[in-house]
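So you can see what is in the structure, the chains are spelled out below.
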Amino acid sequence: MKALCWHGKRDVRVERVSDPEILNPRDAIIRITSTAICGSDLHLYNGYILGLMEGDILGHEFMGEVVEVGTEVKRIKKGDRVVVPFTISCGQCFFCKEELFSLCDNSNPSAGIAEKALGSSAAGIYGYSHIFGGYAGGQAEYARVPFADVGLLPVPPELTDEQVLFLSDIFPTGYMAAENCNIRQGDTVAVWGCGPVGQFSIQSAWLLGAGRVIAIDRIPERLEMARKHSHAETLNYTEVDNVVEALFELTGGRGPDACIDAVGMESHSTSPMHYVDRAKQAMMMENDRPHVLREVIQSCRKGGTVSIPGVYSGLVDHIPMGIAFNKGLTMRMGQTHMQKYMKRLLDRIQRGEIDPTFIITHRLKLDEASQGYDIFCNKEDECIKVVMTP
Amino acid sequence: METITSQSSLAHSAEGGHGQNINVGSNERMISLLGGGVLALAGLASGRKSGIGLAILGTGLLYRGATGHCSMYQALGINSAEPHASRASLNEGIKVEKSLTIQNKSPEELFQFWRNLENLAQFMEHVESIHKIDDKRSHWVVKGPAGRHVEWDAEIINERENELIAWRTVEDAEVAHAGSVRFEKGPNGQGTVVRVSLLYSPPAGKLGAAIAKLFGEEPHIQVQQDLRRFKMLMESGEIATTKGQPHGNSPIRPFSGREA
C-alpha cells in the first residue's frame, strides 16, 4: 500500500510499504477512505517531537471501511463504515473505566519510554512517534486499529466522509476544550488560535451556552472564518499593543470568564519574549514556546478557567504562576478523551446542530501529501485544513 | 576506568600481589571481550573527547576478556573463575522491587494464574520457555544480554494461597536468584496490587550488569516492563504491540524501539 512516511525535518514522502495485518485478537483493519493533516502533525513535521524514526508512517485523523476483524472483536464487523479516534484505549483499565480514555494504561507498547520522557505513559496515538507507541498512522491506504470495539464509531450512510471525518480528532478536541471551561449560560469565552481546533472550540462554546466568544489570531483568512462560520468577535493581535489590555477593555474591565489556549507549544508572537523563547529553544534550554499560555493566564478573569487543548511536550519558562494563584484560576488540560465524546457529537451532526465541513480549505490526493504539509505549515494559499483521499 | 584505592587493594599489594592470575570466569571473559570491543569502537567512533574515556574503558575490558585477569576484581576480592563462582553469595546481589495495580482481577485470580508457572512465559519478554518438572520445580530458558541463553531450575520455597509465592534457583544456577510475588487487595477494595521482589546475581557479575545496562537490558527495566505486560494481559486481554506493522523505507536502523 501507499503511506506517508517521515524522513526528517520538513521531509515527508509517500512510499510503497507492506499492508497492515491483524497482530492481536482485538484488532481490526481499515481501508481508509479519507484522512486529514492535523496541526499537531506540524510539530512532527518541524522536528519538535522526539522519538520519531525515519520511515514512520504519520497520520491520526482517518476513517474508512472495516475489511478484517480479529477473533475477539464483537461489536464491529467487516463492511462497517467507521471513524477512528486518534487515541487508542483498551476500555478495561482504571482510566478507561473513569472515561479518561486518553490516559489508558494498556495501549502504549513503549510505555517505558513515555514514562522517562513525560513522567507517565498515557494512551497510544496513531502516527505520533515512539513515545506514544510508534503505531503506524492513517495517512495511508490501510491501517490496523487495536481495541476496535472500544474505539471505532460506526457512521450512517447519509453522512459524507467530510461531515464525519473530524470526529476522529479536532471536533471532540475543540468540544472537550469548551466543556473544560465550565461554561455557564451567557459566559464570555476567549479562544487563542483560529486553526481547526480553535474553530471547533468556538463553535462548541456556543453549543455549550456561551453568551459571547472572542477569537484571537493574526492570519486574515482564519479570523474571517472565525467571524463568518463560527460567529465569533475577532481580535488580531498584531493590530493591538497588548492583547491582555484589549481583552479587559472588551469585557468591561473584568476579563473573559474562560480562556482556551488552542495554540500550544509552537506559538508565535511579536513580543521580545518570543525571541528569548526561540533562542532558548535553539540552545535546548526550553522545549516549548508558551507565549499564549502566559497571555491566557494574564487575561482570564479572577476565579475563571483556563482550558488547554494546545499540545505541550516539554518545559516552559516564565509562566506567571503568581498571577494564576492570585486570581484563583482553574486550569484544565490534556489530550482528548475521544470515546467519551464521539457518539454524542455524531448525534449533534445528525441533528444539524453543526456542519464540520466548513473547516476544509484543501482537498488533495494522498500522493500530494508532501505539498499538503508544506502549504498547511506555511499557511499558504489561505490553507486552514487539508483533507486527503488515498 | 575508576581507580580502586580501597583498603583491600592496598592490602593485596602489600602482600606482594597475585601476579597476573586468572580471576575472571570464562563466561564473564566473553562478556568483557564483547562489551569491551563495542565500547572501544563506540568511543573511537564518537569523535568526541568523552569518547576517549569510553574507548579506554572498552580497551580495559578487552584486556580483561583476553587475559582473564581483572585488577578491579582483584581489589574487590572477587574470583569468578573458581568453581561454583557463579553461585555468588546473594549478599552481593542486585535487588529489584516493583509493584503495579491491576484493576479488574482479584488476588485469587492472579495467584492462580501465576501459580501455574508456565503461564509466566506469556508476558515475560525475555523468557523463552518454562517447563514444570513437578509441583514445586520448574526449568527456565531465558534470553540473556549479548544474545546468550541462560537456563536454570527454580523451586517454590514458600506459598500462601492467594497471597504469596516465593521461589529461588537451585543447584548451580547460572543466574542465582530468589524472588517473591505478593497479591493484595487494591485501593477501595478494587483490583489487586502485585508486588514483585527479586534478588539476583547477574551473569558475569556486577560488571556484566553494568554492560547490560548500556545495551538497555537492565533488570529494573525488565521487571517493570514484564509487570506492565502482565497488567496489559490481565486487564485488556492482550499485550499491546506494533511488531510486524508496516513501515517506510529507511537506511539501517541502529536502534529498535523497545516494546513494553
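Rules used throughout
Residues numbered from 1 in each chain as written. Chains lettered and ligands numbered in written order. Predicted model: local features only at pLDDT ≥ 70, side-chain atom pairs only at ≥ 80, totals over all residues. Heavy atoms only, no water. Helix = DSSP H or I, 4+ residues; strand = E, 2+ residues; numbered from the N terminus. Buried < 20%, exposed > 50% of the residue type's maximum accessible area, 1.4 Å probe, protein only. Contact = heavy atoms within 4.5 Å. Areas by Shrake-Rupley, 256 points an atom, 1.4 Å probe, with all protein chains shown as cover. Buried area = accessible area lost by both parts, 1.4 Å probe. Salt bridge = Lys/Arg side-chain N within 4 Å of Asp/Glu carboxyl O. Polar contact = N/O pair within 3.5 Å; in protein donor to acceptor, adjacent residues only side chain to side chain. Core = buried A, V, L, I, M, F, W, Y, C linked by side-chain atoms within 4.5 Å. Phe/Tyr/Trp six-rings, centres within 6.5 Å; stacked < 30°, edge-to-face > 60°. Patch = residues over 30% accessible without salt bridge, like charges linked within 9 Å, V, L, I, M, F, W, Y side chains within 5 Å. Lys, Arg positive; Asp, Glu negative; His and termini not counted. Charge placed at Lys NZ, Arg CZ, Asp CG, Glu CD. Axes fitted to C-alpha atoms, helices over the stretch in contact; angles between N-to-C directions. Parallel < 35°, antiparallel > 145°, perpendicular 65-115°, else oblique. Nonpolar A, V, L, I, M, F, W, Y, C, P; charged D, E, K, R; others polar.

Undergrad: Talk me through the overall build of chain B; I want residue IDs and the actual numbers.
TA: Regarding its fold elements, chain B presents 7 helices and 7 strands. From first element to last, N terminus to C terminus, chain B shows the α and β order α-α-α-α-β-α-β-β-β-β-β-β-α-α. Within chain B, buried positions represent 47% of all 260 residues. Within chain B, counting contacts between residues at least 6 apart in sequence, those at least 24 apart form 55% of the total. Carbon and sulfur atoms make up 55% of the accessible area of chain B, which amounts to about 13,400 Å² in all.

Undergrad: For the interface of chain B and chain A, give the residues involved together with the corresponding values.
TA: On the chain A side, the residues contacting the 28 residues of chain B number 39 residues. When chain B packs against chain A, the two sides together hide about 2,600 Å² of surface, and 50% of this comes from carbon and sulfur. The interface formed by chain B and chain A includes 2 salt bridges. Here chain B and chain A share 11 residue pairs in polar contact (both at pLDDT 80 or more) between them.

Undergrad: Account for the nonpolar core, with residues named and values stated.
TA: Residues A:Phe166, A:Leu167 and A:Val189 are the most contacted members of the largest nonpolar core, which totals 75 residues. In contact with A:Val189, other than residues within four places in its own chain, are A:Cys181, A:Ile183, A:Ala205, A:Ala210, A:Arg212, A:Val213, A:Ile214, A:Ala258 and A:Ile260. One finds A:Val66, B:Val96, B:Ile130 and B:Val181 within the second-largest nonpolar core, a separate group that totals 62 residues.

Undergrad: A description of the packing of aromatic side chains should follow, citing residues and the corresponding values.
TA: Per the counting criterion, the structure on display carries 17 aromatic pairs over all chains. Ring geometry for A:Phe166 and A:Phe200: centres 6.3 Å apart, planes at 45 degrees, overall tilted. Of this pair, A:Phe166 sits in the loop between α5 (161-164) and α6 (170-179) while A:Phe200 sits in helix α7 (residues 196-207), placing them 34 residues apart in sequence. A relative accessible area of 1% places A:Phe166 in the buried class. Take A:Phe200: its relative accessible area is 0%, and that puts it in the buried class. By the ring-pair criterion, three or more aromatic residues cluster together here, those being B:Phe111, B:Phe113, B:Trp114, B:Phe123, B:Phe183 and B:Phe230.

Undergrad: Summarise the pattern of salt bridges; cite the residues concerned and give the values.
TA: Taken as a whole and judged by the stated rule, the model has 27 salt bridges over all chains. For A:Glu115, the salt bridge goes to B:Arg228, with nearest N and O atoms at 2.8 Å. With one member in each of two chains, A:Glu115 in helix α3 (residues 111-118) and B:Arg228 in helix α7 (residues 219-236) form a pair that bridges those chains. For A:Glu115, a relative accessible area of 30% gives the class partly exposed. A salt bridge links A:Glu224 to A:Arg227; the nearest nitrogen and oxygen atoms lie 3.2 Å apart. Of the two residues, A:Glu224 and A:Arg227 both sit in helix α8 (residues 220-228), 3 residues apart, roughly one turn of that helix. Judged by its relative accessible area of 37%, A:Glu224 falls in the partly exposed class. Assessed through its relative accessible area of 38%, A:Arg227 is described here as partly exposed. Each of B:Arg115, B:Asp135, B:Lys136 and B:Glu159 takes part in a single network of salt bridges with overlapping partners.

Undergrad: Tell me about a negative patch on the surface, and name the residues and values.
TA: Taken together, the side chains of A:Asp374, A:Glu380, A:Asp381 and A:Glu382 make up a negatively charged region of the molecular surface. Mapped onto the fold, A:Asp374 is located in helix α14 (residues 369-377).

Undergrad: Could you give an account of the packing of α6(A) against helix α13 (residues 338-350) of chain A, with specific residues and numbers?
TA: Residues and elements named next belong to chain A. Closest axis-to-axis distance for the α6/α13 pair is 9 Å, and the angle between their directions is 100 degrees. As summarised for this structure, α6 and α13 are arranged roughly perpendicular, according to the angle between their axes. Across the interface between the two elements, Phe171, Pro172, Tyr175, Met176 and Glu179 of α6 pack against Met338, Lys340, Tyr341, Met342, Arg344, Leu345, Arg348 and Ile349 of α13. In the contact of α6 with α13, the residues fall into 9 nonpolar, no polar and 4 charged.

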